[in-house]
Amino acid sequence: MRMKSIKYVILLFIFLFVGILYYCISVTSYQTSEDLNNFPYPKNAYLVYKNGNVYGYDWGKASVENGIPIFYKLVIKQNGWNKVEQEGGNTTYIKGSYKINLLSDRDYIEITKDL
């Protein structure tokens, strides 16, 4: 009986640790922008291109093959954005009447706000 309760306590601590880790990463690593209808983008990404409704960022965690990291996907979902389409490195998200296209390339992401 005692061994069973120790397993549950360890399992509880693991879940708490993962939850705290996720919260810390999502709060400290991403921010939203009103210019992008409150779509989150990485805090450590460098804005290298802006033309109207297109924002290009240098970001070392982006790739063509793997897209964006899982934590970024979770933060996007947490902020109320739903993935509706993906074609290659381009993913389309919607939130209400807003639509965002996120292009992931090697060390670069491009966020386009549909008007």
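An account of the accompanying structure is given in this report.

## Let's talk about helix H2 (residues 70–78)
Point 1. Among the residues of H2, Tyr72, Val75 and Ile76 are the ones counted as buried. Buried residues of H2, viewed axially, fall in a sector of 100 degrees; they line one side. Summarising the geometry of H2, the exposed residues directed more than 90 degrees from the buried face are Ile70 and Lys77.
Point 2. In the segment just after H2, Gly80 is the residue with positive phi, at about 90 degrees.

## What to know about the sheet that holds strand E5 (residues 82–87)
The strands making up a sheet are joined through hydrogen bonds of the backbone, oriented either antiparallel or parallel.
Point 1. Ordered by their spatial adjacency, 6 strands build an open sheet running E3-E4-E8-E7-E6-E5, and the pairing between neighbours is antiparallel. Only two strands of the sheet have a single neighbouring strand rather than two, namely strand E3 (46–51) and E5. Across this sheet, the average inter-strand angle for adjacent strands is 20 degrees, counted without regard to direction.

## Concerning the packing of aromatic side chains
Point 1. Considering all chains together, one arrives at 6 aromatic pairs under this definition.
Point 2. Both rings, one in Tyr41 and one in Tyr57, keep their centres 5.2 Å apart while their planes meet at 20 degrees; by these two values the pair is stacked. Note that Tyr41 is positioned in strand E2 (residues 39–42) and Tyr57 in strand E4 (residues 54–58), a separation of 16 residues in sequence. Both residues of the pair, Tyr41 and Tyr57, belong to the buried class.

## Focus on the pairing of strand E6 (residues 90–95)
Point 1. Of the strand pairs in this sheet, E5 and E6 are connected by 5 bridges, and their pairing is antiparallel. Counted as the bridge partner of Gln86 is Thr91 from E6.
Point 2. The turn linking E5 back onto E6 is made up of 2 residues, and Gly88 within it adopts a positive phi angle of 65 degrees.
Point 3. The pairing of E6 with strand E7 (residues 98–105) spans 6 bridges and is antiparallel. In the sheet register, Tyr93 faces E7, and the bridge partner there is Ile100.
Point 4. In this antiparallel pair of consecutive strands, E6 and E7, the connection spans 2 residues, and Gly96 shows a positive phi of 65 degrees.

## Digging into the nonpolar core
Point 1. Counting 19 residues, the largest nonpolar core has Phe39, Tyr72, Ile109 and Ile111 as the members making the most contacts within it.
Point 2. Contributions of two or more residues to this core are made by E2, E4, H2, E7 and strand E8 (108–113).
Point 3. If you tally residues by element for this core, the top one is H2, at 3 residues.
Point 4. In this view, Ile109 contacts Pro42, Tyr55, Gly56, Tyr57, Trp59, Ala62, Ile68, Tyr72, Leu102, Leu103 and Ser104; residues no more than four positions away in its chain are not counted.

## Some thoughts on unusual backbone geometry
Point 1. Positioned with a positive phi, Asn37 is a non-glycine residue whose angle comes to about 55 degrees.
Point 2. Tracing the chain through its elements places Asn37 in the loop between strand E1 (30–33) and E2.
Point 3. A relative accessible area of 14% places Asn37 in the buried class.
Point 4. Positive phi is not limited to glycine here, since Asp107 has a value of about 55 degrees.
Point 5. As for its placement among the helices and strands, Asp107 is situated in the loop between E7 and E8.

Cut-offs applied
- Just so you know, the residues in each chain are numbered from 1, in the order the chain's sequence is written.
- Only residues with pLDDT of 70 or above have their local features reported here, since the model is predicted, and side-chain atom pairs are shown and tallied only from 80 upward, although totals for entire chains, interfaces and linings are computed over all residues.
- Think of the side-chain values as coming from all heavy atoms in the structure, minus any hydrogens and water.
- Residue burial is assigned from relative accessible area. The probe radius is 1.4 Å, only protein chains are included, and a residue is buried under 20% of its type maximum, exposed over 50%, and partly exposed in between.
- Only runs of H or I of at least four residues qualify as helices and only runs of E of at least two qualify as strands under DSSP, and these elements are numbered from the N terminus.
- What the arc covers is the set of directions going from the helix axis to the C-beta atoms.
- When DSSP locates at least two bridges between a pair of strands, those strands are taken to pair.
- In this description, a line fitted to the C-alpha atoms serves as the axis of each element, helices being fitted only across the stretch in contact, and the angle between N-to-C directions of two axes falls anywhere from 0 to 180 degrees.
- Only Phe, Tyr and Trp rings are paired, with Trp represented by its six-membered ring, and only when their centres lie within 6.5 Å; those with planes under 30 degrees apart are stacked, over 60 edge-to-face, the remainder tilted.
- Grouping buried Ala, Val, Leu, Ile, Met, Phe, Trp, Tyr and Cys residues that are joined through side-chain atoms within 4.5 Å yields what is termed a nonpolar core.
- Only heavy atoms matter for contacts: two residues are in contact if any of them lie within 4.5 Å across the pair.

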